[in-house]
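One-letter residues, chain by chain:
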Amino acid sequence: MDVLLFVLVTLIVLVVAGVAASVRVVKQIERGVVFRLGRVQREVRQPGLTLLIPVADQLKRVNVQVVTMPVPAQDGITRDNVTVRVDAVVYFRVIDPKLAVIEVEDYRYAISQVAQTSLRSIIGKSELDDLLSNREHLNQGLEVMLDSPAAPWGIEIDRVEIKDVALPEGMKRSMSRQAEAERERRSRVITADGEYQASRKLAQAAAAMTATPGALQLRLMQTMVEVAAERNSTLVLPFPVELLRYFEAAAHAADPAVPRAGIPDTPAADAELAATAAPPDGSILDIALDAERARLE
């Protein structure tokens, strides 16, 4: 009886051990590839419980999530002979687990090496301006270059992004001087354009004031008011020289002893001075004569 019980316990233990050895759990983010006696099975095991034949079957799990792989920085010379250091990042995922297991020994390492080689190649084919400002086109080119060898491995390249472009210090200084010169050029063009527009407006204002002589006097008075509003200011008012000559001529006519500066004492000179000094309407002349008569009386 004891022997029979021992045999039954032994059989139960063997069955439990066999079941435990044949049952596997595949996660949701994985797919299982089964090798039976060294040959890969056609069916890929889906997430959940899966049964294997003990000793005969071997399960290889493959992650089907999107993998983010940084590409180490690569040194290269661009097409316009500039030494740069560029790094990137690759996003890919496994779409065929069997090909990823069978066709390549380590698909992650293989993708990394292909990405580095493709990055160096794209650096040599591109110019510096493209690496700095036209990265979208270069990213698409890198994606095509990576997708070609990765497709037979059952791997899909989601996208490739160039992260950073490191430039030599001398090139950075040259680009800084170029940007500064461009800003200076724009500033001068804008200033010149403003001066041109201001000159056109001033020409139009001068034409309008020429058509209306009273506008010049109004403008002069407005300027005087603006200057007088300032504190500790000195106001310089222009005075017509012809009016001063007229007063000199009037004073000389009243008293011949009064000299006239720079004017010869002849009747012709007196007539010429009176003709040039007196305004057409005679208003100033009348005021001056009245003042002289009042002085003589």
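In this text, all values refer to a predicted model and were calculated from it rather than measured experimentally.

1. Overview of the overall build of the protein
Tallying secondary structure elements over the protein gives ten helices and eight strands in all. Put simply, 64% of the contacts in the protein that link residues at least 6 apart link residues at least 24 apart. When the accessible area of the protein is evaluated, it comes to approximately 20800 Å², of which 58% is carbon and sulfur surface.

2. Observations regarding the side chain of Ser118
Along the chain, the position of Ser118 falls in helix 3 (residues 107–125). Non-local contacts of Ser118, meaning those with residues more than four positions away in its chain, are made with Leu142, Met145 and Leu146.

3. With respect to unusual backbone geometry
Even without being glycine, Leu37 reaches a positive phi, approximately 55°. Assignment of secondary structure puts Leu37 in the loop between strand 2 (30–36) and strand 3 (39–40). Phi at Asn81 is positive, roughly 65°, even though this residue is not glycine. In this structure, Asn81 sits in the loop between strand 6 (67–77) and strand 7 (83–94).

4. Quick notes on the nonpolar core
Val84, Val90, Phe92 and Ile111 are the most contacted members of the largest nonpolar core, which has 35 residues in total. Contributions of two or more residues to this core are made by strand 6, strand 7, helix 3, helix 4 (128–133), helix 5 (135–150) and strand 8 (155–166). Here this core takes eight residues from helix 3, the largest share from any one element. Those residues in contact with Phe92, other than ones at most four positions away along the chain, are Gln65, Val66, Val67, Met69, Tyr107, Ile111, Ile155, Glu156, Ile157 and Asp158.

5. Considering the pairing of strand 2
Along any regular strand the residues' side chains alternate between the sheet's two faces. Judged from the seven bridges that link them, strand 2 and strand 5 (residues 57–63) form a sheet pairing that is antiparallel. Note on strand 5: the bridge partner recorded for Val34 is Leu59. In terms of strand pairing, strand 2 meets strand 3 through two bridges, oriented antiparallel. Within the sheet, the bridge partner assigned to Phe35 lies in strand 3 and is Val40. Counting the residues that bridge the hairpin from strand 2 to strand 3 gives two residues, and of these Leu37 lies at a positive phi of roughly 55°.

6. Overview of the confidence of the model for the protein
With 73% of its residues at a pLDDT of 70 or more, the protein shows a mean pLDDT of 78. Taken element by element, the protein is modelled with least confidence in helix 9 (residues 267–277), mean pLDDT 49, and with most confidence in strand 7, mean pLDDT 91. Low pLDDT, under 50, characterises residues 276–285; the predicted model gives this stretch seven contacts beyond four residues in sequence or across chains.

7. Looking at a nonpolar patch on the surface
Residues Val3, Leu4, Phe6, Val7, Leu8, Leu11 and Leu14 make up a contiguous nonpolar surface patch of about 710 Å² in total accessible area. Judged by relative accessible area, Leu11 falls into the partly exposed class, the value being 47%.

8. Structural notes on the packing of helix 3 against helix 5
Contact pair helix 3 / helix 5: the axes reach a minimum separation of 10 Å and the direction vectors enclose 140°. If you check the angle between helix 3 and helix 5, you find them oblique. The two elements helix 3 and helix 5 cross, and the hand of that crossing is right-handed. Contacts from Ile111, Val114, Ala115, Ser118, Leu119, Ser121 and Ile122 in helix 3 reach Leu138, Leu142, Met145, Leu146, Pro149 and Ala150 in helix 5.

9. A few points about the sheet that holds strand 8
Taken in spatial order, the three strands line up as 6-7-8 in an open sheet, and their pairing is antiparallel. The open sheet has two edge strands with one neighbour each: strand 6 and strand 8. Between one strand axis and the next, the sheet turns through 25° on average, direction left out of account. Bridge analysis of strand 6 against strand 7 gives nine bridges, and the strand direction is antiparallel. Counted as the bridge partner of Asp75 is Arg85 from strand 7.

10. A short note on the sheet that holds strand 5
The three strands are arranged 3-2-5 in an open sheet whose pairing can be described as antiparallel. Bordering the open sheet on either side are strand 3 and strand 5, each of which pairs with just one other strand.

11. Here we look at helix 3
End to end, helix 3 covers 27 Å across 19 residues, agreeing with the expected 27 Å (1.5 Å per residue, within 8%). The complete set of buried residues in helix 3 reads Tyr107, Ala110, Ile111, Ser112, Val114, Ala115, Gln116, Ser118, Leu119, Ile122 and Ile123. Taken together, the buried residues of helix 3 touch strand 5, strand 6, strand 7, helix 2 (97–102), helix 5 and strand 8.

12. Let's talk about the pairing of strand 7
The hairpin formed by strand 6 and strand 7 contains five residues between the paired strands, and Asn81 there has a positive phi angle of roughly 65°. By the bridge criterion, ten bridges tie strand 7 to strand 8 in an arrangement that is antiparallel. Paired with Phe92 across the two strands is Ile157, which belongs to strand 8.

Calculation criteria
- Just so you know, the residues in each chain are numbered from 1, in the order the chain's sequence is written.
- Totals for whole chains, interfaces and linings use every residue, but because this is a predicted model, local features are given only for residues with pLDDT of at least 70 and side-chain atom pairs only at 80 or more, for both listing and counting.
- No hydrogens and no water enter the side-chain calculation; it runs on all heavy atoms of the structure.
- The numbering of helices and of strands both runs from the N terminus, where a helix is a DSSP run of H or I of at least 4 residues and a strand a run of E of at least 2.
- We call two residues contacting when some pair of their heavy atoms lies within 4.5 Å.
- All accessible-area figures derive from a Shrake-Rupley calculation using a 1.4 Å probe, and residue coverage is judged against the displayed protein chains alone.
- Definition of nonpolar core: a set of buried residues of the types Ala, Val, Leu, Ile, Met, Phe, Trp, Tyr and Cys, connected through side-chain atoms within 4.5 Å.
- For every residue, the accessible area obtained with a 1.4 Å probe (protein chains only) is divided by the maximum for its type, and the residue is called buried under 20%, exposed over 50%, and partly exposed between those limits.
- Any two strands with at least two DSSP bridges between them are considered paired.
- The pLDDT value tells you how sure the predictor is about a given residue, anywhere from 0 up to 100.
- Think of a patch as exposed residues, more than 30% relative accessible area, with no salt bridge, where like charges cluster within 9 Å and nonpolar side chains (Val, Leu, Ile, Met, Phe, Trp, Tyr) cluster within 5 Å.
- Only one rule defines a salt bridge in this text: a Lys or Arg side-chain nitrogen within 4 Å of an Asp or Glu carboxyl oxygen.
- For every element, the axis is a line fit to its C-alpha atoms; helices are fit only across the contacting stretch, and the angle between N-to-C directions ranges from 0 to 180 degrees.
- Roughly parallel refers to an angle under 35 degrees, roughly antiparallel to one over 145, roughly perpendicular to one between 65 and 115, and oblique to any angle outside these ranges.
- Crossings are classed by handedness, with left-handed meaning an anticlockwise turn of the near helix from the far one by less than a right angle and right-handed meaning a clockwise turn.
- In a helix, the anticipated span is given by 1.5 Å times the number of residues less one.

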